[in-house]
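The lines below spell out each chain.
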Amino acid sequence: MLDIQLLRSDLNAVADRLASRGYTLDTDAFASLEGERKALQTRMQELQARRNATSKQIGEAKRKGDDVSAIMAEVANLGDELKAAEIAFETVQARLDAWLLTIPNLPHESVPVGDDEGGNVEVRRVGVPRSFDFEVRDHVDVGAPLGLDFETGAKLSGARFTVLRGPIAQLHRALAQFMLNTHTLKHGYTEMYTPYIVNDSALYGTGQLPKFAEDMFKVTRGGDEGTVDQYLISTSEITLTNTVRESVLKAAELPIKLTAHSPCFRSEAGSYGRDTRGMIRQHQFDKVEMVQVVHPDRSFEALEDMVGHAEAILKALELPYRVVTLCTGDMGFGATKTYDLEVWLPAQNTYREISSCSNMGDFQARRMMARFKDEDGKNRYVHTLNGSGLAVGRTLVAVLENYQNADGSVTVPTALRPYLGGLEVLGA
RNA sequence: GGAGGUGUGGCCGAGUGGUUUAAGGCACUGGUCUUGAAAACCAGCGACGGUUUGCGCCGUCCGUGAGUUCGAAUCUCACCACCUCCGCCA
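Residues numbered from 1 in each chain as written. Chains lettered and ligands numbered in written order. Predicted model: local features only at pLDDT ≥ 70, side-chain atom pairs only at ≥ 80, totals over all residues. Heavy atoms only, no water.

## What to know about the overall build of chain A
Right, on to step 1. When its secondary structure is counted, chain A shows 13 helices and 18 strands.
Right, on to step 2. By its C-alpha atoms, chain A is 100 × 50 × 45 Å across when sized along the principal axes.
Right, on to step 3. The buried share of chain A, taken over its 428 residues, is 49%.
Right, on to step 4. Accessible area of chain A: about 20,400 Å², with a carbon and sulfur share of 48%. (Helix = DSSP H or I, 4+ residues; strand = E, 2+ residues; numbered from the N terminus. Buried < 20%, exposed > 50% of the residue type's maximum accessible area, 1.4 Å probe, protein only. Areas by Shrake-Rupley, 256 points an atom, 1.4 Å probe, with all protein chains shown as cover.)

Right, dumping it as structure tokens:
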């Protein structure tokens, strides 16, 4: 959520910055809504002040035993008038709030301007794609004999669900454990275990709602519908970030660095034709997530750190990748700046997203009322960051494709062997 | 699932319709005193919004939301969370 003060004081500048990410701010609508709000709020508060003063008079008069019928008559209509004024104000305020929740964040000045992914800027490449002396197979063909089972997944749950069996399930689990261990032991994150079902208020906090409901899975209780809407998490960013919702942290508590391994559920509405083969795009996938809650002066440093933490996993697994700065037009809703990590997939002969690290600035903090007490004792919004470290399913895909052998076996990356009892090769 | 109970500022806690403008205490901050510290004493000390160049002024907030009333922390209803006991359960 943007600071409404910024819209009031500098509407055109905000509109220009939003235009760079392809969002058209309706400045006329804001000006008229805001004008209404101001008038209605002033009127409501005046009536409230009158009611308070009059009620006080009545109380005093009654205590003295005076006749209060004159005053009572004077305020006979005040109640109705006030009620009407309150409703009018609340209606406009609700419209203003609802509208504010749909406005994306302002891009940071260091973000390249562009319309779509074509405008993204490569920052660096790390590792050299391996050359194969046999015909490269994709992860579906490599994985099938090792226990990658799409048919059973489809039988159980439909398209975009997958069953992992035996060695490939173990490899998947080893990847997640390796990631968690790295982030907790080497990068200073606190390991968390959090709910997979959340109330809608958490989703407003991190920005999935109100705009992206169609990407979520909504759940209902058996028997009766709950009073609040609940959803399966699409990322543990939601739960990790919302741990600081509605709190005032001490400056000394910052930065807070959290990590969790969780399943993620995405409906993938609107992407029916894309990545239908394999486990690149699933309704359910595992991810190890990193979240940082930091002092506002240090969030861009923290973003660089976090990208390094995600890169450390790819480096340790010796997977070739590149780092890309997303341009204004390709960034997510709440981000001020985003780096994507793209891993080399030899069968696709291209780099594919495996991590996305974003500095959300105070965008989520303002929605969540997540603050800290600064050096002067004032409450200020924290900044929040999140990044995948990494998407486990896609990492599995990358390992299968990059480590495949001519005989159909897959070499286990050295870093993972301790998690698999020293196993060096899958299959063979 | 059944029965009972509880929700008040950072914390404890008083408050059952009207000077509550939320008592009192703890914690915290500043000051006096002291060689220094502690103690004691004095003072300050919530959040959010509106308005104002500023001092300030106004409004809202006692788990959440509705309602009754000229007036609600206090009365009514619903919901949420927590606690105790019973049942069930991985």
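## A look at the side chain of His295
Right, on to step 1. Among the structural elements, His295 can be located in the loop between β10 (284-294) and α11 (299-316).
Right, on to step 2. The exposure class assigned to His295 is buried, which follows from its relative accessible area of 6%.
Right, on to step 3. Polar side-chain contacts of His295 include one of 3.0 Å to the backbone nitrogen of Asp297.
Right, on to step 4. When residues no more than four places from it in sequence are discounted, the contact partners of His295 are Leu254, Phe372, Glu375 and Arg380. (Polar contact = N/O pair within 3.5 Å; in protein donor to acceptor, adjacent residues only side chain to side chain. Contact = heavy atoms within 4.5 Å.)

## A short note on a negative patch on the surface
Right, on to step 1. Taken together, the side chains of Asp297, Glu301, Glu304, Asp305, Glu375 and Asp376 present a region of like negative charge at the surface.
Right, on to step 2. Counting through the fold element by element, Glu304 comes out in helix α11.
Right, on to step 3. With relative accessibility at 40%, the residue Glu304 sits in the partly exposed group. (Patch = residues over 30% accessible without salt bridge, like charges linked within 9 Å, V, L, I, M, F, W, Y side chains within 5 Å. Salt bridge = Lys/Arg side-chain N within 4 Å of Asp/Glu carboxyl O. Lys, Arg positive; Asp, Glu negative; His and termini not counted. Charge placed at Lys NZ, Arg CZ, Asp CG, Glu CD.)

## Describing the sheet that holds strand β5 (residues 197-199)
Right, on to step 1. Taken in spatial order, the 3 strands line up as β5-β7-β6 in an open sheet, and their pairing is antiparallel. A strand with exactly one partner marks an edge of an open sheet, and here the two such strands are β5 and β6 (217-219). Going from strand to strand, the sheet's axes swing by 40° on average, the running direction of each strand aside.
Right, on to step 2. Relative to strand β7 (residues 230-232), β6 runs antiparallel, the two sharing 3 bridges. Looking at the pairing, Val219 lines up with Gln230 of β7. (Pairing = 2+ DSSP bridges. Axes fitted to C-alpha atoms, helices over the stretch in contact; angles between N-to-C directions.)

## Quick look at the protein's contact with RNA strand B
Right, on to step 1. The full set close to RNA strand B counts 23 residues, and Arg8, Gln48, Arg51, Arg63 and Arg371 are the nearest of them.
Right, on to step 2. Counted by atom, the contact set of RNA strand B within 4 Å of the protein is 72% sugar and phosphate.
Right, on to step 3. A distance of 3.2 Å separates a phosphate oxygen of RNA strand B from a polar side-chain atom of Gln5.
Right, on to step 4. Here a sugar or linking oxygen of RNA strand B sits 3.0 Å away from a polar atom, N or O, in the side chain of Arg37. (Near = heavy atom within 4 Å.)

## Quick notes on the packing of aromatic side chains
Any two aromatic rings considered together are summarised by their centre-to-centre distance and by the angle between their planes.
Right, on to step 1. Applying the stated criterion across every chain yields a total of 7 aromatic pairs.
Right, on to step 2. Ring geometry for Phe30 against Trp99: centres 5.7 Å apart, planes inclined by 25°, an arrangement best described as stacked. Taken together, the residues span a long stretch of sequence, with Phe30 in helix α3 (residues 27-64) and Trp99 in helix α5 (residues 78-100) at a distance of 69 residues.
Right, on to step 3. Ring geometry for Trp344 and Tyr351: centres 5.0 Å apart, planes at 65°, overall edge-to-face. Across this residue pair, the class does not change: Trp344 and Tyr351 are buried.
Right, on to step 4. Aromatic rings pair up to connect Phe212, Phe333 and Phe363 into one cluster.
Right, on to step 5. Residue placement shows Lys257 over the ring face of Tyr189; its charged tip is 5.0 Å from the ring centre. (Phe/Tyr/Trp six-rings, centres within 6.5 Å; stacked < 30°, edge-to-face > 60°. Lys NZ or Arg CZ within 6 Å of the ring centre and 35° of its normal.)

## Considerations on the UniProt feature "binding site: ATP" (unreviewed entry) in chain A
Right, on to step 1. According to UniProt, the "binding site: ATP" (unreviewed entry) feature falls on Arg266, Ser267, Glu268, Glu353, Ile354, Ser355 and Ser356.
Right, on to step 2. Mapped onto the secondary structure, Glu353 falls in strand β13 (residues 350-359).
Right, on to step 3. Within the secondary structure, Ile354 is located in strand β13.
Right, on to step 4. If sequence neighbours within four positions are ignored, Ile354 has contacts with Leu314, Leu341, Glu342, Val343, Ser388, Leu390, Ala391, Arg394 and Thr395. (UniProt positions renumbered as here; feature names shortened; annotations may be inferred.)

## Structural notes on the UniProt feature "binding site: L-serine" (unreviewed entry) in chain A
Right, on to step 1. UniProt's entry tags Thr235, Ser236, Glu237, Arg266, Glu289, Asn386 and Ser388 with the feature "binding site: L-serine" (unreviewed entry), counted in the numbering of this structure.
Right, on to step 2. Turning to its location among the elements, Glu237 is positioned in helix α10 (residues 237-242).
Right, on to step 3. Not counting the four nearest positions on each side in its chain, Glu237 is found in contact with Thr206, Gln208, Asn242, Glu289, Val291, Met360, Gln364 and Asn386.
Right, on to step 4. Relative to the elements of secondary structure, Arg266 occurs in the loop between β9 (256-265) and β10.
Right, on to step 5. Exposure remark for Arg266: the relative accessible area of 28% places this residue in the partly exposed category.
Right, on to step 6. Filtering out sequence-adjacent residues up to four positions away, Arg266 remains in contact with Asp215, Phe217, Ser234, Thr235, Gln282, His283, Phe285 and Lys287.
Right, on to step 7. Of note is the side chain of Arg266, whose polar atom sits 2.9 Å from the backbone oxygen of Ser234.

## Some thoughts on helix α2 (residues 11-19)
The α-helix advances 3.6 residues per turn, and as a result positions three or four apart in sequence lie on the same side.
Right, on to step 1. Within α2, burial applies to Leu11, Val14, Ala15 and Leu18. End-on view of α2: buried residues confined to an arc of 100°, all on one side of the axis. Exposed side chains of α2 directed beyond 90 degrees from the buried face belong to Asn12 and Asp16.
Right, on to step 2. Next to the buried residues of α2 lie α1 (4-9) and α3. (Arc of directions from axis to C-beta.)

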